[in-house]
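# Structural overview for review
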Amino acid sequence: MDDERRFQEALRSVRVWDTELPAFDPADVPEEPVGLFHRWFAQAVEAGVVEPSTMQVATADADGHPDVRTVILHDADARGWHFASHSGSAKGRQLAARPEAALHFYWAAQGRQVRVRGRVVTGTPEEAYEDLHARTTGALASALVSRQSELLSSLDELDRASAAAWERALREPDAPAPSWTLYVVAPQEVEFFQGHEERRHIRLRYRRTADGGWHRELLWP
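A few points on the structure. On a predicted model such as this, the values are computed, not experimentally measured, just so you know.

### Overview of the layout of surface pockets
Size it by volume and the largest pocket reaches roughly 490 Å³. Along the walls of the largest pocket sit 23 residues, with His86, Ser142, Val145, Arg147 and Gln148 positioned nearest its centre. Those elements giving two or more residues to the lining of the largest pocket turn out to be strand E2 (66-72), strand E4 (81-86), helix H5 (137-145) and helix H6 (155-171). Looking at which element gives the most residues to the lining of the largest pocket, the answer is H5, with four residues. Of the residues that constitute the lining of the second largest pocket, the class distribution is five nonpolar, three polar and four charged.

Rendered as C-alpha coordinates:
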(Lines give C-alpha, C1' and ligand atoms only; values in the text may rest on other atoms or scores of the structure.)
Protein backbone atom coordinates (compact mmCIF):
# COMPACT_ATOMS: atom_id res chain seq x y z
CA MET A 1 0.00 0.00 0.00
CA ASP A 2 2.92 2.33 0.62
CA ASP A 3 3.92 2.10 -3.05
CA GLU A 4 0.35 2.80 -4.11
CA ARG A 5 0.14 5.84 -1.82
CA ARG A 6 3.43 7.19 -3.12
CA PHE A 7 2.22 6.63 -6.67
CA GLN A 8 -1.02 8.54 -6.04
CA GLU A 9 0.87 11.41 -4.41
CA ALA A 10 3.36 11.53 -7.26
CA LEU A 11 0.59 11.38 -9.85
CA ARG A 12 -1.30 14.31 -8.28
CA SER A 13 1.88 16.37 -8.01
CA VAL A 14 2.61 16.28 -11.74
CA ARG A 15 1.84 19.49 -13.57
CA VAL A 16 1.11 19.49 -17.30
CA TRP A 17 2.66 22.12 -19.57
CA ASP A 18 3.89 24.28 -16.71
CA THR A 19 5.72 26.42 -19.24
CA GLU A 20 5.08 28.90 -22.03
CA LEU A 21 3.82 27.03 -25.07
CA PRO A 22 4.53 28.08 -28.66
CA ALA A 23 1.88 29.63 -30.86
CA PHE A 24 0.53 27.74 -33.85
CA ASP A 25 -1.39 29.22 -36.77
CA PRO A 26 -2.96 26.39 -38.82
CA ALA A 27 -3.47 28.82 -41.69
CA ASP A 28 0.30 29.16 -42.10
CA VAL A 29 1.29 25.59 -42.92
CA PRO A 30 2.75 23.75 -45.93
CA GLU A 31 0.53 21.91 -48.41
CA GLU A 32 1.95 18.54 -47.35
CA PRO A 33 2.32 17.23 -43.78
CA VAL A 34 5.98 16.25 -44.02
CA GLY A 35 6.89 19.92 -44.50
CA LEU A 36 5.14 20.89 -41.28
CA PHE A 37 6.75 17.92 -39.51
CA HIS A 38 10.18 19.11 -40.64
CA ARG A 39 9.38 22.58 -39.25
CA TRP A 40 8.11 21.29 -35.92
CA PHE A 41 11.00 18.84 -35.54
CA ALA A 42 13.58 21.60 -36.08
CA GLN A 43 11.74 23.76 -33.54
CA ALA A 44 11.74 20.89 -31.04
CA VAL A 45 15.51 20.54 -31.40
CA GLU A 46 15.97 24.30 -31.02
CA ALA A 47 13.80 24.23 -27.88
CA GLY A 48 15.99 21.55 -26.31
CA VAL A 49 13.42 18.76 -26.39
CA VAL A 50 15.09 15.57 -25.15
CA GLU A 51 15.32 12.88 -27.85
CA PRO A 52 12.72 14.37 -30.20
CA SER A 53 13.35 11.53 -32.67
CA THR A 54 11.82 8.94 -30.34
CA MET A 55 8.36 7.83 -31.41
CA GLN A 56 5.80 5.18 -30.57
CA VAL A 57 4.90 2.63 -33.24
CA ALA A 58 1.56 0.85 -32.89
CA THR A 59 0.77 -2.33 -34.82
CA ALA A 60 -1.73 -5.17 -34.48
CA ASP A 61 -1.07 -8.88 -34.04
CA ALA A 62 -2.73 -11.77 -35.87
CA ASP A 63 -5.76 -11.57 -33.56
CA GLY A 64 -6.16 -7.83 -34.06
CA HIS A 65 -4.81 -6.99 -30.61
CA PRO A 66 -2.89 -3.69 -30.52
CA ASP A 67 0.81 -3.53 -29.70
CA VAL A 68 3.04 -0.49 -29.18
CA ARG A 69 6.69 0.26 -28.53
CA THR A 70 9.17 3.15 -28.73
CA VAL A 71 11.67 3.35 -31.60
CA ILE A 72 13.88 5.95 -33.24
CA LEU A 73 12.86 7.90 -36.32
CA HIS A 74 15.42 7.45 -39.09
CA ASP A 75 14.01 9.85 -41.69
CA ALA A 76 10.87 11.63 -42.87
CA ASP A 77 10.54 12.46 -46.55
CA ALA A 78 8.07 12.38 -49.43
CA ARG A 79 7.79 8.60 -49.07
CA GLY A 80 6.85 8.75 -45.39
CA TRP A 81 8.26 8.23 -41.91
CA HIS A 82 11.18 5.77 -41.66
CA PHE A 83 12.25 3.40 -38.89
CA ALA A 84 14.06 0.08 -38.83
CA SER A 85 13.94 -3.22 -37.00
CA HIS A 86 14.50 -6.93 -37.47
CA SER A 87 12.04 -8.70 -39.75
CA GLY A 88 11.77 -11.49 -37.17
CA SER A 89 10.90 -9.18 -34.27
CA ALA A 90 7.33 -8.96 -32.98
CA LYS A 91 6.69 -5.77 -34.94
CA GLY A 92 8.40 -7.21 -38.00
CA ARG A 93 6.14 -10.26 -37.97
CA GLN A 94 3.07 -8.13 -37.32
CA LEU A 95 3.91 -5.76 -40.16
CA ALA A 96 4.51 -8.66 -42.54
CA ALA A 97 1.02 -10.00 -41.80
CA ARG A 98 -0.74 -6.62 -41.55
CA PRO A 99 1.33 -3.80 -43.11
CA GLU A 100 -0.30 -0.89 -41.34
CA ALA A 101 0.94 1.22 -38.43
CA ALA A 102 0.32 4.33 -36.37
CA LEU A 103 3.12 6.58 -35.12
CA HIS A 104 3.05 9.04 -32.23
CA PHE A 105 5.50 11.79 -31.27
CA TYR A 106 5.12 13.75 -28.02
CA TRP A 107 7.25 16.81 -27.34
CA ALA A 108 6.14 17.76 -23.82
CA ALA A 109 8.22 20.93 -23.52
CA GLN A 110 6.16 22.41 -26.35
CA GLY A 111 2.84 20.70 -25.68
CA ARG A 112 3.01 19.18 -29.15
CA GLN A 113 2.02 15.83 -30.56
CA VAL A 114 2.20 14.41 -34.08
CA ARG A 115 0.18 11.34 -35.07
CA VAL A 116 0.72 9.43 -38.30
CA ARG A 117 -1.38 6.57 -39.70
CA GLY A 118 -0.76 4.67 -42.91
CA ARG A 119 0.37 1.64 -44.88
CA VAL A 120 3.84 0.30 -44.27
CA VAL A 121 6.26 -0.61 -47.04
CA THR A 122 9.75 -2.02 -46.73
CA GLY A 123 12.86 -0.50 -48.20
CA THR A 124 15.30 -2.42 -50.34
CA PRO A 125 18.04 -4.57 -48.78
CA GLU A 126 20.53 -1.96 -49.99
CA GLU A 127 18.63 0.79 -48.18
CA ALA A 128 18.50 -1.32 -45.01
CA TYR A 129 22.25 -1.93 -45.20
CA GLU A 130 23.00 1.76 -45.68
CA ASP A 131 20.62 2.68 -42.85
CA LEU A 132 22.31 0.32 -40.40
CA HIS A 133 25.87 1.26 -41.29
CA ALA A 134 25.15 4.97 -41.02
CA ARG A 135 24.51 4.40 -37.30
CA THR A 136 26.79 3.69 -34.35
CA THR A 137 28.91 0.64 -33.55
CA GLY A 138 26.47 -0.11 -30.75
CA ALA A 139 23.57 -0.14 -33.19
CA LEU A 140 25.44 -2.57 -35.44
CA ALA A 141 26.34 -4.79 -32.48
CA SER A 142 22.71 -4.88 -31.38
CA ALA A 143 21.58 -5.74 -34.90
CA LEU A 144 24.13 -8.54 -35.16
CA VAL A 145 22.63 -10.27 -32.13
CA SER A 146 19.44 -10.52 -34.24
CA ARG A 147 17.21 -12.25 -31.68
CA GLN A 148 14.81 -9.42 -30.85
CA SER A 149 11.58 -10.52 -29.10
CA GLU A 150 12.78 -14.12 -28.59
CA LEU A 151 12.69 -15.62 -25.10
CA LEU A 152 15.88 -15.00 -23.08
CA SER A 153 17.03 -17.71 -20.66
CA SER A 154 19.23 -15.45 -18.52
CA LEU A 155 21.09 -12.15 -18.42
CA ASP A 156 24.34 -14.12 -18.69
CA GLU A 157 23.23 -15.35 -22.11
CA LEU A 158 22.55 -11.75 -23.14
CA ASP A 159 25.97 -10.64 -21.88
CA ARG A 160 27.75 -13.34 -23.89
CA ALA A 161 25.84 -12.65 -27.10
CA SER A 162 26.28 -8.89 -26.74
CA ALA A 163 30.02 -9.17 -26.08
CA ALA A 164 30.47 -11.38 -29.15
CA ALA A 165 28.43 -8.98 -31.28
CA TRP A 166 30.42 -5.96 -30.10
CA GLU A 167 33.68 -7.78 -30.89
CA ARG A 168 32.46 -8.58 -34.40
CA ALA A 169 31.12 -5.05 -34.98
CA LEU A 170 34.50 -3.59 -34.08
CA ARG A 171 36.34 -6.16 -36.19
CA GLU A 172 33.93 -6.02 -39.15
CA PRO A 173 32.30 -2.57 -39.29
CA ASP A 174 30.74 -3.49 -42.66
CA ALA A 175 29.24 -6.76 -41.40
CA PRO A 176 25.72 -7.39 -42.73
CA ALA A 177 22.68 -8.06 -40.57
CA PRO A 178 20.33 -9.81 -43.04
CA SER A 179 17.18 -9.46 -40.95
CA TRP A 180 17.61 -5.69 -40.49
CA THR A 181 14.74 -4.07 -42.37
CA LEU A 182 13.88 -0.48 -43.21
CA TYR A 183 10.18 0.32 -42.81
CA VAL A 184 8.41 3.36 -44.25
CA VAL A 185 4.98 4.46 -43.04
CA ALA A 186 3.30 5.99 -46.09
CA PRO A 187 0.81 8.35 -44.44
CA GLN A 188 -2.91 8.46 -45.05
CA GLU A 189 -3.57 10.76 -42.09
CA VAL A 190 -1.25 13.05 -40.14
CA GLU A 191 -2.45 15.09 -37.17
CA PHE A 192 -0.61 17.98 -35.53
CA PHE A 193 -1.69 18.82 -31.97
CA GLN A 194 -0.67 22.06 -30.27
CA GLY A 195 -1.49 22.22 -26.57
CA HIS A 196 -2.89 25.39 -24.98
CA GLU A 197 -2.61 26.46 -21.33
CA GLU A 198 -6.39 27.02 -21.17
CA ARG A 199 -7.06 23.73 -22.95
CA ARG A 200 -8.05 25.37 -26.22
CA HIS A 201 -5.85 22.91 -28.02
CA ILE A 202 -5.39 23.22 -31.78
CA ARG A 203 -5.68 20.04 -33.81
CA LEU A 204 -4.90 20.11 -37.52
CA ARG A 205 -5.35 16.96 -39.57
CA TYR A 206 -4.08 16.24 -43.07
CA ARG A 207 -6.01 13.52 -44.95
CA ARG A 208 -4.87 11.94 -48.20
CA THR A 209 -7.34 12.53 -51.03
CA ALA A 210 -8.27 10.18 -53.87
CA ASP A 211 -6.05 12.09 -56.30
CA GLY A 212 -3.03 11.76 -54.03
CA GLY A 213 -3.17 15.29 -52.64
CA TRP A 214 -3.93 16.45 -49.12
CA HIS A 215 -7.02 17.90 -47.46
CA ARG A 216 -6.56 19.92 -44.26
CA GLU A 217 -9.18 20.18 -41.52
CA LEU A 218 -9.44 21.29 -37.90
CA LEU A 219 -10.67 18.98 -35.14
CA TRP A 220 -12.30 19.75 -31.82
CA PRO A 221 -9.88 19.15 -28.93
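Now, onward.
### Focus: the packing of aromatic side chains
The full count for this structure, using the stated rule, is 11 aromatic pairs. Taking 5.9 Å as the distance between ring centres and 50° as the angle between the ring planes, the aromatic pair formed by Phe105 and Trp107 counts as tilted. With a relative accessible area of 0%, Phe105 lands in the buried category. With 6.3 Å between their ring centres and 85° between their planes, Tyr206 and Trp214 make a pair best called edge-to-face. Of the residues examined, Tyr206 reaches a relative accessible area of 0% and is grouped as buried. A network of ring pairs unites the aromatic residues Phe24, Trp40, Phe192, Tyr206 and Trp214 as a single cluster. Arg112 extends its terminal NZ or CZ atom over the ring of Trp40, reaching a point 4.0 Å from the ring centre.

Rules of the game
- Residues numbered from 1 in each chain as written.
- Predicted model: local features only at pLDDT ≥ 70, side-chain atom pairs only at ≥ 80, totals over all residues.
- Heavy atoms only, no water.
- 1 Å grid on protein atoms, 1.4 Å probe; cavity = no way out; pocket = protein on both sides within 12 Å on 5 of 7 lines; lining within 4 Å.
- Points joined across faces, edges and corners; volume = space filled by probe spheres on them.
- Helix = DSSP H or I, 4+ residues; strand = E, 2+ residues; numbered from the N terminus.
- Nonpolar A, V, L, I, M, F, W, Y, C, P; charged D, E, K, R; others polar.
- Phe/Tyr/Trp six-rings, centres within 6.5 Å; stacked < 30°, edge-to-face > 60°.
- Buried < 20%, exposed > 50% of the residue type's maximum accessible area, 1.4 Å probe, protein only.
- Lys NZ or Arg CZ within 6 Å of the ring centre and 35° of its normal.

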